[in-house]
Each structure stands twice: as structure tokens, then as C-alpha cells.
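Examining the three-dimensional arrangement
Here is how the chains run, residue by residue.
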Amino acid sequence: MEIALAISILAVMSALTWGGLARSFDAYETVTDIDRRYHQIRVAMNRMARELSMAFLTNQRRHRGRERIWRDIFKAERSSTFYEIHFRSFAHDILRANAKESDQAEIAYFGAPDPEIKGQMNLMRREDPRPDREADEGGRVYVLAENIKEFKLRFWDQRQKDWEEEWDTESADHAGRLPSVVEITMVTEDEYGKELTFVTKTRINLTQELGTL
């Protein structure tokens, strides 16, 4: 009887201890997931803000009479939940010694379905460190932020003194100039499945096209 009672007490104590440990592990995983989610959003927002702030255009008239080596665009198209933007920026980081690269690069952000998780959309980043005539193609593509519900942009038109939903430097309205401010909005979900919205703004330093480089 004494042995049975001791075993019963030990079983109860083990169950209580395991329950406490399990709750601790669950809380740790929840906090870790929240921290990872917020960290990836902060990193993505900061990177986009930095790269957009260094966007630029060159004067296309300088190609007159010669073969065009590259094509400059700043093009942002709106969709229901994910914008797609292509631009050229001075934001390229040269990571290899003696690399035949400069600080210029073609950069793009857009949404794409996750190949492994059904129904999940990721925010993608494309970078081509060698600008060419295909301004919206080429380079390396990778995930910038996972499980994003919305990615939206707005552009401040200094000439019109108003926000624009899209921007295309190949159109007559925006030819030869960039927006002075870009607003970036990203929406994800918290641990309860509720939407979390993050918004930041960045100022573009070079809003007029450059004559020479």
C-alpha cells in the first residue's frame, strides 16, 4: 500500500511538473515566433526604405546616337494585395573583392506564392547588380519576408501635392522624375490570426533625372 501510494504521489507530481514544463515550452515557442515575425518585418521595411531612398534615373537623351546600354525605370503597379515595383538604385553592396560591380543595381519587390506552404504569400526581392536593357528581368530572386498578407505602396507627387497609387517613369505624367516620398505598408498576422499592419515612409534623395553618371 505504501509503495502504491508513493507511486501515485510521484505520478501526480510528474504530471503537474510536465504540465508546467509544457506550458513553458509553448510560451517560449510563441514568444520566439512573435520575435521572429517582428524581426523579419523590421528588416524588410528597413531594407526597402534604404534602397528606395537611393533610387535614381538617368537622362535617356544621353544615349542619343549610341546603342543604349541600360534602361532606367521606376515602375510600380497596383494589384489587389501585392504591389510590384522595379527601380534602379545606388544601394548595391559589393561583397567580393575585385568584383566587376558598382553600387548600382536593378531592384524589384513583388509577391509570390510559397512553393511549400499552400495559401501562403511571400514578399520577394530581386536584385541584378549589372543593369542592362531588361530593367524588369534578371538577377537573383529570394524571399524578403514570409507569410505576408498585403504589400502596398503610395507615392507623394511633389508637383501635384498629392499621393499617387502608381508610378511609371515611362508614362508622360511621371517621365524624368521620381516621387519625393514613398509610403510602404505591410500586413501580416499575429499569433491569434489577427492582422498586423506596419507602415513606414522614406524620402527619395534624387527625384530628378541625372544628366551623366
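First things first, this report covers the structure right here in the doc. (Residues numbered from 1 in each chain as written. Predicted model: local features only at pLDDT ≥ 70, side-chain atom pairs only at ≥ 80, totals over all residues. Heavy atoms only, no water.)

1. A word on the side chain of R88
If you trace the backbone, R88 turns up in strand 2 (residues 84–89). R88 sits in the buried class, given a relative accessible area of 3%. A distance of 2.5 Å separates a polar atom in the side chain of R88 from a polar atom in the side chain of D72. (Helix = DSSP H or I, 4+ residues; strand = E, 2+ residues; numbered from the N terminus. Buried < 20%, exposed > 50% of the residue type's maximum accessible area, 1.4 Å probe, protein only. Polar contact = N/O pair within 3.5 Å; in protein donor to acceptor, adjacent residues only side chain to side chain.)

2. Considerations on the pattern of salt bridges
Across all of its chains, the model carries 14 salt bridges by this definition. Residue E77 pairs with K75 through a salt bridge whose shortest N-O separation is 3.8 Å. You can call K75 partly exposed: its relative accessible area is 25%. K149 is the salt-bridge partner of E189, the closest N and O atoms lying 3.8 Å from each other. Taken together, the residues E189 in strand 9 (residues 181–189) and K149 in the loop between strand 5 (140–145) and strand 6 (150–157) connect sequence positions 40 residues apart. When its relative accessible area of 28% is taken as the criterion, K149 is described as partly exposed. Where salt bridges share partners, they join R47, E51, R125 and E127 into one cluster. (Salt bridge = Lys/Arg side-chain N within 4 Å of Asp/Glu carboxyl O.)

3. Concerning the layout of surface pockets
The space that makes up the largest pocket amounts to roughly 230 Å³. Of all the secondary-structure elements, those providing two or more residues to the lining of the largest pocket are helix 1 (2–53), strand 4 (121–128) and strand 5. Across the lining of the largest pocket, the residue classes break down as five nonpolar, one polar and eight charged. (1 Å grid on protein atoms, 1.4 Å probe; cavity = no way out; pocket = protein on both sides within 12 Å on 5 of 7 lines; lining within 4 Å. Points joined across faces, edges and corners; volume = space filled by probe spheres on them. Nonpolar A, V, L, I, M, F, W, Y, C, P; charged D, E, K, R; others polar.)

By themselves, these figures tell us nothing about what the structure is for.
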